[in-house]
Amino acid sequence: MVYHLLYPLHTVFSAFNVFRYITFRTIYAGLTAFLICFLVGPWVIRRLRELQVGQFIREDGPETHFKKSGTPTMGGVLILIAVTASTLLWANLANLYIWTVLLTTICLGLIGFVDDYRKQVKKRSKGLGAREKFWLQTAVALGAGLTLYLHPDFSTRVTVPFLKNVSPDLGWAYILFTALVIVGASNAVNLTDGLDGLAIGPLIIVAGTYMIFAYVAGHVKIAEYLQINYVPGAGEVAVFCGALAGAGLGFLWFNAYPAQVFMGDVGSLSLGGAMGTVAIVTKQEILLVLVGGLFVMETVSVMLQVGFFKLTHGRRIFRMAPIHHHFELKGWPEPKVIVRFWIIAVLLALLAMSTLKLR
Ligand code: 57M
């Protein structure tokens, strides 16, 4: 909105030219989203407490979590409000990619919201069934895939990290590939969201990394120089990533150990999906496995644990999955696990960024 209202005035006040620049709008999208979370956060947390949206803590989990019982959840609503408001304010709303990432994020958030609402507000022990949730996520992700597929400028070629001359064209199967990336990312973040700040920290790092990838992919000269896929219009997605990173920082203010609020499925499903959609739009799809490597590590730990558990009729690889519980049960204090996992996320993001040159 700021872009649409103020930039046209540059003919009268030349200073308004600044609203044209993606870099400027990305920074302000981040600051705006942060401020919304920071200022509205205490009110949202109070309201969630009044509504008694308090987390139920499983008795079979680590004992250190019992004291978290009653912590308000569904704080993801705050993140979604901040990201949406800030993107609408600072992004070019004539850009289809902005609408694709924003609507996919909101729709996945709605699925998470219904799940949380049924569990927390209606106090039903089960939210949405796992299958129900999966098919709803898949429907949203297929919608995003189809939208991009029908976009005349969007290529269905997949970027293979490290290999600049290998870029297979998936054709219509790109729609299925999109769904796989979005649903996978959405669920991976959901599994990771089990310690204070554990999911939102790496999410901020991923958003920051894709902010750079979006800018680079949408800049014809830089994309050509780095020999990466040029995606006309994708630069605008940097504004969305800025909003995501800013909202994430604002949420982390309250979710930092000891957390005053959890994000709930409304946060984890939507933010994971946002990450997946941004990876698709910027044509750095497979690289998400590295940028979001921490989420992959958590998911693989669950797959290994469940697989091994079933094969051996009850034996385990880890003390408990996802892997963050394993370290907690080994005696690492929660903040140590969290900060060490953040360190891993930063290192993976740096490694991923190096692929811009290592090709
Ligand atoms: C949700 N959610 C947290 C909060 C958050 C297949 C299986 C591995 C699935 C997995 C699972 O259900 N994962 C998804 C993880 C829960 O947090 C809520 O859920 C939202 C995200 N969806 O926003 O609302 C708990 O996590 C803790 N938490 C924090 N700080 C935060 O900022 O401390 C969350 C956010 C909260 C709080 O304690 O209550 C969760 O863990 O439930 N299941 C598991 O993760 C369970 N693992 C398991 O059963 N492992 C077995 C299997 C694989 C064989 C094993 O290893 O033996 C564990 N989860 C819990 N207790 N709580 C184990 C037991």
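Described in the following lines is the structure provided in the data block. Nothing here was measured: the structure is a model prediction, and the numbers come from that model. (Residues numbered from 1 in each chain as written. Predicted model: local features only at pLDDT ≥ 70, side-chain atom pairs only at ≥ 80, totals over all residues. Heavy atoms only, no water.)

A full pass over the atoms with the stated rule returns 18 aromatic pairs. Where tyrosine 3 meets tyrosine 7, the ring centres are 5.8 Å apart and the plane angle is 5 degrees; that geometry is what we call stacked. Every member of this aromatic cluster is reached through a ring pair, and the members are Phe13, Phe16, Phe19, Phe24, Tyr28 and Trp90. One cation-aromatic arrangement involves arginine 340 over tryptophan 332; the distance from NZ or CZ to the ring centre is 4.7 Å. (Phe/Tyr/Trp six-rings, centres within 6.5 Å; stacked < 30°, edge-to-face > 60°. Lys NZ or Arg CZ within 6 Å of the ring centre and 35° of its normal.)

So, about unusual backbone geometry. Residue proline 258 follows tyrosine 257 across a cis peptide bond; omega there is -10 degrees. Relative to the helices and strands, proline 258 resides in the loop between α9 (237-255) and α10 (264-281). With an omega dihedral of -5 degrees, the bond running from alanine 321 to proline 322 counts as a cis peptide bond. Mapped onto the elements, proline 322 comes out in the loop between α12 (293-311) and α13 (323-329). (Helix = DSSP H or I, 4+ residues; strand = E, 2+ residues; numbered from the N terminus.)

On the surface, a cluster of nonpolar side chains totalling about 570 Å² of accessible area is made up of Ile286, Val289, Val296, Val300, Met303, Leu304 and Ile317. With 4 residues, α12 is the single largest residue contributor to the nonpolar patch. Using a relative accessible area of 38% as the deciding quantity, one classes valine 300 as partly exposed. (Patch = residues over 30% accessible without salt bridge, like charges linked within 9 Å, V, L, I, M, F, W, Y side chains within 5 Å. Areas by Shrake-Rupley, 256 points an atom, 1.4 Å probe, with all protein chains shown as cover. Salt bridge = Lys/Arg side-chain N within 4 Å of Asp/Glu carboxyl O. Buried < 20%, exposed > 50% of the residue type's maximum accessible area, 1.4 Å probe, protein only.)

As for its placement among the helices and strands, serine 186 is situated in helix α6 (residues 173-192). Apart from the residues lying within four places of it in its own chain, the contact partners of serine 186 are Gln137, Ser268, Leu269, Gly272 and Gly273. (Contact = heavy atoms within 4.5 Å.)

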